[in-house]
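One letter stands for each residue in the lines below.
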Amino acid sequence: MGRNTIKIALKRFSFFISDRPIKHTSLPLIAQLCLISLPRVTISSDQNLLLSVLLLLFVYKKTAHFSKETETNRPHWQRNGKTLSFFSAESILAESTLVPEEDLQLGAMFVKKLVEKASIKKPGGTSDGLKPSDVEPRLVFHYGIPHGATKFAYDTIQKILAISTLDGRIKLYGRDNTQAQLESPEAVPSKFLQFIQNKGILVNVTSNNQIEASNPIRVWDLDRKVLSSVHVSKEDITSFTVMQSNLYIYVGDYLGNVSVLKLDQESCLLERMKYIIPLSASHGSPAEVSVDTAVLHALPQPAAESKRVLIVFRDGLLALWDIRESKSIFTTGGGLLQSQHHEMKKVTSACWACPFGSKVAVGYSNGEIFIWSVPAFTNSRTELQLDRATQNAPILKLNLGYKVDKIPIALLKWLCVDGKESRLYVMGASDLASTNTLQVILLNEHIETRMVKLGLYLPEPCIDMEIISSSFEQSKHKQDILVLIGKSGRIYVYDDCLIGKYLLQSQSKSSPSLPKEFMVKMPFADSSITVAKFITNTPNLLNFGDEDYTRLAKNIPSPFPFESRPKDGNHSFQFSGFTKVKNLYITGHSDGAINFWDLSCPFPIPMLSLKQQSEDDFSLSGIALTALYFHTDSRLLVSGDQIGMVRIFKFKPEPYAENSFLSFQGSSKKESNYIHGVKLMKVNGSVLSINISPSLVHLAVGSDQGYVSVFDIEGPTLIYQEHIASEISTGIISLQFDTCFLHGFEKNILVVATKDSSVMALDADTGNMLSSSSVHPKKPYRALFMQILDGQDFLVRGSNMSNNQDPSKRKSDEDGPKQSSLLICSEKAVYVYSLNHVAQGVKKVLYKKKFQSSSCCWASTFCGASDAGLALLLSTGKIEIRSLPELSLIRESSIRGFTYSAPRLNSFSASSICISWDGELIMMNGDQEMFIVSMLFQKENFRLVDFVSQVYRKELMFSQEGLPTGSIIQKEKKRGIFSSVMKGSKPKQVPEVETEDTRESIEELSTIFSTANFECHQDENKDSMALDDDGIDLDIDDIDLDDPVEKTKDQNLLAALNKKKLASKFQAFTCKIKQMNVKNEKNIKEEVKDEKTGAVDQIKKKYGFSLSGESSAAKIAQNKLQENIRKLQGINLRTAEMQETASSFSAMAKEVLRISEKDKQSS
C-alpha cells in the first residue's frame, strides 16, 4: 500500500473521529471501512499498517485535549483490569497485539508529520493571538454625499437636509458642517421621507419586499440618532403628508381612503386615529368612482391647515374636504379624465401654486399641467357656490413641451420669494438626458399672453428636487438653492437667486446668462485620489484642543450652501507642521498633487498641498501619482508617478514660521518655507511600490514593467537595477527589506512580489537573486498584498507598518529565535510561506485560505491589543478579519453603501482604501463619500465625533416655540390669475384676513380626530369586540383608567382578562349618551324659536355655561367618557406595541440561531 493510499485512508479516518468518541476496540472495523474500494489494497496484509496509523492518531487526539493538565489530573483508561494513561502511547501499543513492530514504525512516520502540522494550529479559545473580543468592525463616521441618492427631505427651521439612498441609508446635513447617517434595518429605498418640522423627528416610509401590501413607517429620533418606533400599515400607502403646525399625518392608500396618524413626541410612537376620510364620502357615489382611485396627494390648505385638506386622486378628481363638517365641500377635475383623443390620463403630481391655497397645479401622465382654482375662504356661502358653479375647467393650461413627447410630470414644486414673485418648478419623468426634463416658470398676471420659462439642462435625468435655504446668523440676506438628484444618484445644485434673476430679466427682453449647475462632491475634491496612506496615533504631545477643531470644522467648506464657497475657489489654511496632528491622512491625486489632511476629527481638515516638481518648478505635473511612502520620524516623503518619476521630499525641522500660509487649491512658492529639498529619479515604467530600508539608507522602487531599482537616498545614486522576468505579469506590487538565515549565516534580503502572485528574494546589497526559481501558486491570480510576518509577535514590518508602528510594541530578537513567514494575498487565495524557504526558492505552505464563492478586492494587516490581524475586503462587500498566521476567521462584517470598483485597463479605480497600523480604515468612494471604519473594539482614535454628528439643535426648537403661533393669511385680490404674488404689487386697502390660532386648532383637531366620524368604516379598521348583552349600567366616576402602580403577575393577568369586557361596557354606555344628546339637541331646536331665549343661550355658551335645555349631567358624563376612552386607547396601544416588540425579538432570536447553526456547519 502506497503513501497516497494511506493519505486517502487518513482522510476517511478524520471523518470518523471528528467530534465523535472512538474506542480502541472499534479500530479494526474503522480500518476496514477506510480501506474499502481503495486500489491495490488487501485487507489482510495492509490492515496492520493502517491500524498503527489509526491507533497513533487516536492516542494523539485523546492527549491533545489534556496537554495542559497536570499529571495527577490526567484521565485514565481502564483496559483488561489495568490503568493506562492517555499520554502513554507506548503502554497502549504494548497491550495491543494488533500491530506488528515493522508496520508500527512506518505508520508512526506518517503520524509524526500530521502531528507536527496539527500542533502549529492553536485551538480555538486558547490562542494567545487576536481574539474575537478584540475586534468589532463598525462605521465611525460617514463624510460626504452618499452613493445612490433617491429622495430629499428638508427641515426649514432647523436647516437639516435629509437624503435617502437605495440601500436604506439616510444622510443628514445640518448647520456648521454637522453630518450624520442613519441606517434602516432593511436595505430598501424610501417611498416617502418627511420631517416633523423643528421637532427633531424624521418619518420614513419604505416598501416591504416580503409583504407586497405592507409599508413600514419608521420614526427616527434625530437627537439620539436612533430608530424610535415602527408602525406597519396594512394598506399600500400612496400618499403621505405631515401637517406642519401639529403632529398629525395624512396617509392615503391605493383604495382611495385617507386615514390620520398622530405622533407622540415623547415616545415617538404613531397612533392611528379614529377619524377617516373614506372614498365613498370624498370621491362621490360608487357609480362615479373610476378604476384607479388611489390618493396621490393630501394637501392641507395653507390658509386653513386645521380646517380643510385637498385630496388629489389619481383619476384626476380634486376634492376639498372640510375636517370639522366631515364632508366634501368642493370637487373638480373629475370630468376631464380623457383628452380629446380619448386616451386615459392620470394625475402624477400636484402642489399648491398660491400662498392662500386658492390655486393648485396638477401634472398628468400625458405631460399636461393644469392650474385649478380652489375656494380658499368658505365664510361666504355665495362665494363657495359661485366657485363651485364656474369650476368646470382649469383656469390655466401650461404648454411646456412635455405633452409632445408624452413625458409624465414627475414632480411639481412652487416657491414664493418675499411675496413678490412666484415660480413653479416642473420635473418630467424621462429616461433621456437630452430631453429638457426640468423647467422653471414665472407665474404672473401676464402668463396667459407670454410665458416666461427657463429650461435647465443636466447631464442626466432627475428623480427628485428640493429648495433649501442657505441663510446663517452671519448672513444679512437669504439665499435659496435648488438641489437635484440625478438618475445615477449624483446631486446637482443651482443658485436659485440666479434662476430668479434670469426669469425677471427675460421679461424685459434682455439676454441674461444661463445659470450653471454644480455637481456636489466633497470639498477640495478637484482631482480623484489614486493612492493614500493613513497614519494614526503619532507620538506627539502638542495636539490641538477640542476648541481648535470646533473652530476649524465650522470654517471647512460644505457641499451646501453656495455662500460658504469663496468666489476664487481657494481656501487658505495655516500649516504649522505635523507636531500637533494626531491622525495624518496623505493622498496622491490624478493631477500629481499630494495633499496632507488632519483626520484627528472624523472629517478631513486640509493642512498642506504639495505641487512642487523640482527645486525651481512649483506647478502641477498633471501626471497621476501611483505610490507614496512617508516616514514620520525623519519627515521623509517619497512619491512615484505614472511615468516613472520618483521624488524625495525632505521637510525642514519644526516649528515653521507663523506667517507661513498655504493656498490649498492654488499654487504657491511658499512650499520652500518647510521643504528642505526635492530630489528626482527616473525608473522604467510606472511606479507601483516604494520602500525604504530600516537604516534609511536604501530606497527600493518597483515598476509595472518588472524593474526593481535600489537607490542610495543621500545621492541619490542608483546602486543596482534588476529586471524580474515573468510570462504572465511583470508588475512589482510590493518590496520589503528583511533578514533571514541562509546556510547558517544571517543575510540581508529584499523580498519581491509580482502581480502574478510570485515571490522571490534578492540580495539587498548586490541585487543578485538568492535562488533561480520563484515561489508561486499552481494557478496564478492577480496579487493584491504582500507582507513579512515576524515569528514572535507577527507584527508587520513592511511598507505599511514600518513608518507607522510604535516601536515599543515590538519584541526584541533576544526573546527567542526569529522564524519569519511571508504573507501574500491574491484575488482567489491567501498563502503563508516560510520566509527562509522562499529565500531558497522552495515552496513551503504553512497556511492557506481559498475564496470559493467570491474574490478578494483589497487586503492589509493591522495590529490589535494582543496580536496582528488580516483585513480582507471581498467582492460581496463583506469585510473579513482573520488571525495571523493561521488565517482563521475571527469576525465578519459589512459596511453598507461601500462598493469597491475594480480598476479598468490602463485606468485607476474610483475607490481608494488604506488602513492604519492600529486598524483604522479609510475608504473613499470616488469624490463623493468617505467611510471611516474602526476594526478594534472600544478604540477611540477620533475626537468630536458626537459634536460633528449632532445635526439637530434643541435650543433652536425652544427659541422657535416662543414665537407667536397665530398665522394671518391675506385674502388675495381678483385682478389677475397670479396678481397676488407679482413684484411690486401692494394692496391699496387692508384686505380681509383669516386668522388661525395654532394652539386652539391643535386642541380642536385632537378632539375631532379622536372621534369616529364614519362608524361603518371605523368598524372595518378596528378589531372585532364582543358586546355585553347584560346592559349593566356603569358609573363613570367609579372607573379609574389611570396608569396603575406596579402589580403582581396575577393582578396584571386579571386586568388583561377584564379589559375586553370593560371596553364593551364603555361602548354600550356611549350609545346611551348619544341618545341623550340627540334628545337634548331636539329640545334646544325647539327653544331656539324664542328669540330672547336664543340670545340668553348664546351668552351662556360664550362664558362656558350650559344651554337652556341641555342636561349638565349628560355633558359631564360625556366628557368623562371621552377621557376614559382615550386612556383605554392608550392601554390598547401599549399592549399592541408590546406584542410587536415581542414578535420582533422572537424573529431576531430565530435569525441568530439560524446564523449560528450555519456557522457551525461551515466550520
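A quick note: this is a predicted structure, and the numbers were derived from the prediction, not measured. (Residues numbered from 1 in each chain as written. Predicted model: local features only at pLDDT ≥ 70, side-chain atom pairs only at ≥ 80, totals over all residues. Heavy atoms only, no water.)

Some points on the overall build of the chain
Helix and strand content of the chain: 17 helices and 61 strands. Split into buried and exposed, the 1163 residues of the chain put 51% on the buried side. Surface accessibility of the chain: about 56900 Å² in total, with carbon and sulfur atoms responsible for 52%. (Helix = DSSP H or I, 4+ residues; strand = E, 2+ residues; numbered from the N terminus. Buried < 20%, exposed > 50% of the residue type's maximum accessible area, 1.4 Å probe, protein only. Areas by Shrake-Rupley, 256 points an atom, 1.4 Å probe, with all protein chains shown as cover.)

A few points about the pattern of salt bridges
Tallied over the full model, the rule gives 23 salt bridges. Taking the shortest distance from any N to any O, the salt bridge between Arg 953 and Asp 176 comes out at 2.4 Å. Within this pair, whereas Arg 953 is found in the loop between α11 (945-948) and α12 (954-961), its partner Asp 176 is found in the loop between β6 (169-173) and β7 (179-183), the two being separated by 777 residues in sequence. Here Arg 324 makes a salt bridge to Glu 1004, at a shortest N to O gap of 2.7 Å. Pair noted here: Arg 324 is in the loop between β18 (318-322) and β19 (327-332) and Glu 1004 is in helix α13 (residues 998-1009), with a separation of 680 residues, a long-range link. (Salt bridge = Lys/Arg side-chain N within 4 Å of Asp/Glu carboxyl O.)

So, the packing of aromatic side chains
In total, this model carries 16 aromatic pairs according to the counting rule given. Taking the centre distance of 6.1 Å and the plane angle of 85° together, the rings of Phe 534 and Tyr 585 count as edge-to-face. Within this pair, whereas Phe 534 is found in strand β32 (residues 529-535), its partner Tyr 585 is found in strand β34 (residues 584-589), the two being separated by 51 residues in sequence. For Tyr 585, a relative accessible area of 1% puts it in the buried group. Each residue in the set Phe 578, Phe 596, Phe 630 and Phe 651 is aromatic and connected to the rest through ring pairs, giving one cluster. The lysine or arginine in question, Lys 345, covers the ring of Tyr 364, its NZ or CZ lying 4.6 Å from the ring centre. (Phe/Tyr/Trp six-rings, centres within 6.5 Å; stacked < 30°, edge-to-face > 60°. Lys NZ or Arg CZ within 6 Å of the ring centre and 35° of its normal.)

Thoughts on the sheet that holds strand β17 (residues 308-313)
Spatial ordering of the open sheet is given by β16-β17-β18-β19, a layout of 4 strands whose pairing is antiparallel. Across the chains shown, the open sheet's two edge strands, defined by having one partner strand only, are β16 (295-300) and β19. Between one strand and the next, the sheet's axes are offset by a mean angle of 25°, whatever the strand orientation. In this sheet, β17 lies alongside β16 in antiparallel orientation, the contact comprising 5 bridges. Each residue of the ladder has a partner; that of Ala 298, found in β17, is Ile 311. (Pairing = 2+ DSSP bridges. Axes fitted to C-alpha atoms, helices over the stretch in contact; angles between N-to-C directions.)

Quick notes on the nonpolar core
Within the largest apolar cluster, 25 residues are counted, with the highest numbers of intra-cluster contacts made by Tyr 143, Phe 534, Tyr 585, Phe 603, Ile 922 and Met 930. Mapped onto this core, the elements with two or more residues apiece are β3 (135-144), β32, α9 (546-555), β58 (920-925), β59 (929-936) and α11. Not counting residues within four places of it along the chain, the set of residues in contact with Ile 922 comprises Phe 534, Tyr 585, Leu 599, Ser 912, Ile 913, Cys 914, Met 930, Phe 931 and Ile 932. (Core = buried A, V, L, I, M, F, W, Y, C linked by side-chain atoms within 4.5 Å. Contact = heavy atoms within 4.5 Å.)

Remarks on a positive patch on the surface
Taken together, Lys 778, Lys 779, Lys 843, Lys 848 and Lys 850 make up a surface patch of like positive charges. Secondary-structure assignment places Lys 848 in strand β52 (residues 845-850). A relative accessible area of 52% means that Lys 848 is categorised as exposed. (Patch = residues over 30% accessible without salt bridge, like charges linked within 9 Å, V, L, I, M, F, W, Y side chains within 5 Å. Lys, Arg positive; Asp, Glu negative; His and termini not counted. Charge placed at Lys NZ, Arg CZ, Asp CG, Glu CD.)

A word on unusual backbone geometry
In this structure, the amide linkage connecting Gly 715 to the following residue, Pro 716, adopts the cis form with an omega of -5°. Mapped onto the elements of the fold, Pro 716 is located in the loop between β44 (707-712) and β45 (717-723). A cis amide bond links Leu 884 with the next residue in sequence, Pro 885, at an omega value of 0°. Mapped onto the fold, Pro 885 is located in the loop between β55 (878-883) and β56 (889-894). Here Asn 177, not a glycine, exhibits a phi torsion of approximately 65°, which is positive. Looking at the secondary structure, you find Asn 177 in the loop between β6 and β7. Residue Asn 177 is classed as buried on the basis of its relative accessible area, which comes to 18%. We note that Leu 887 has phi near 65°; this positive angle belongs to a residue other than glycine. If you trace the backbone, Leu 887 turns up in the loop between β55 and β56.

Here we look at the confidence of the model for the chain
Any segment with low pLDDT has predicted coordinates that should not be analysed in fine detail. The predicted model of the chain has a mean per-residue pLDDT of 75, with 64% of residues at 70 or higher. With pLDDT under 50 throughout, residues 1081-1093 is counted as low confidence; its partners more than four residues away or in other chains account for 7 contacts. (pLDDT = per-residue confidence, 0-100.)

Examining the side chain of Asn 583
Mapped onto the elements, Asn 583 comes out in the loop between β33 (572-574) and β34. Of the residues examined, Asn 583 reaches a relative accessible area of 0% and is grouped as buried. Not counting residues within four places of it along the chain, the set of residues in contact with Asn 583 comprises Phe 534, Ile 535, Thr 536, Asn 537, Trp 597, Asp 598, Leu 599, Ser 600, Asn 941 and Phe 942.

Some points on the environment of Gly 144
The residue Gly 144 is located in strand β3 in this model. Using a relative accessible area of 2% as the deciding quantity, one classes Gly 144 as buried. Placed 377 residues apart in sequence, Gly 144 and Lys 521 show a C-alpha to C-alpha distance of 7.0 Å. Excluding residues that lie within four positions of it along the chain, Gly 144 makes contacts with Lys 171, Tyr 173, Gln 179, Met 522, Gln 928 and Glu 929.

Remarks on the pairing of β32
For β32, the buried fraction is high: 6 of the 7 residues fall into the buried class. Strand direction decides the pairing type here: β32 and β34, joined by 6 bridges, are antiparallel. Of the residues in β34, the one forming a bridge with Ile 535 is Leu 584.

A look at the side chain of Thr 178
On the secondary structure map, Thr 178 appears in the loop between β6 and β7. Residue classification places Thr 178 among the buried positions, given a relative accessible area of 4%.

So, the sheet that holds strand β42 (residues 687-692)
Taking strand neighbours across the sheet as the criterion, the 4 strands line up as β42-β43-β44-β45 in an open arrangement whose pairing is antiparallel. The two strands at the open ends of the sheet, each matched to only one other strand, are β42 and β45. This sheet shows a mean twist of 20° between the axes of neighbouring strands, independent of strand direction. As judged from the 5 bridges shared by β42 and strand β43 (residues 698-703), these two strands associate in the antiparallel manner. Considered in β43, the bridge of Ser 689 is made with Gly 702.

Considering the pairing of β7
Most of β7 sits inside the fold, with 4 of its 5 residues counted as buried. Counted along the chain from β6 to the antiparallel partner β7, the turn is 5 residues long, and its residue Asp 176 has a positive phi close to 55°.

Brief notes about the state of the cysteines
Taken as a whole, this structure holds 0 disulfides when the rule is applied. Free of any disulfide, Cys 416 has its nearest neighbouring cysteine sulfur in Cys 354, separated by 8.6 Å. What makes Cys 416 partly exposed here is its relative accessible area of 26%. (Disulfide = S-S within 2.5 Å.)

Some remarks on helix α8 (residues 496-507)
Over its 12 residues, α8 extends 17 Å from the first C-alpha to the last, a length consistent with the 16 Å expected when each residue adds 1.5 Å. Inspection of α8 places Asp 496, Ile 499, Gly 500, Tyr 502, Leu 503 and Ser 506 among the buried residues, and these make up the whole buried set. Projection of α8 onto a plane perpendicular to its axis shows the buried side chains occupying an angular sector of 160°, all on one side. The inward-facing, buried residues of α8 abut β24 (409-417), β25 (421-428), β26 (438-443), β27 (452-456), β29 (480-486) and β30 (491-495). (Expected span 1.5 Å × (residues − 1). Arc of directions from axis to C-beta.)

Points about the environment of Asp 616
Its place among the elements puts Asp 616 in the loop between β36 (605-610) and β37 (625-631). Here the alpha-carbon distance between Asp 616 and Val 678, two residues 62 residues apart in the chain, equals 9.5 Å.

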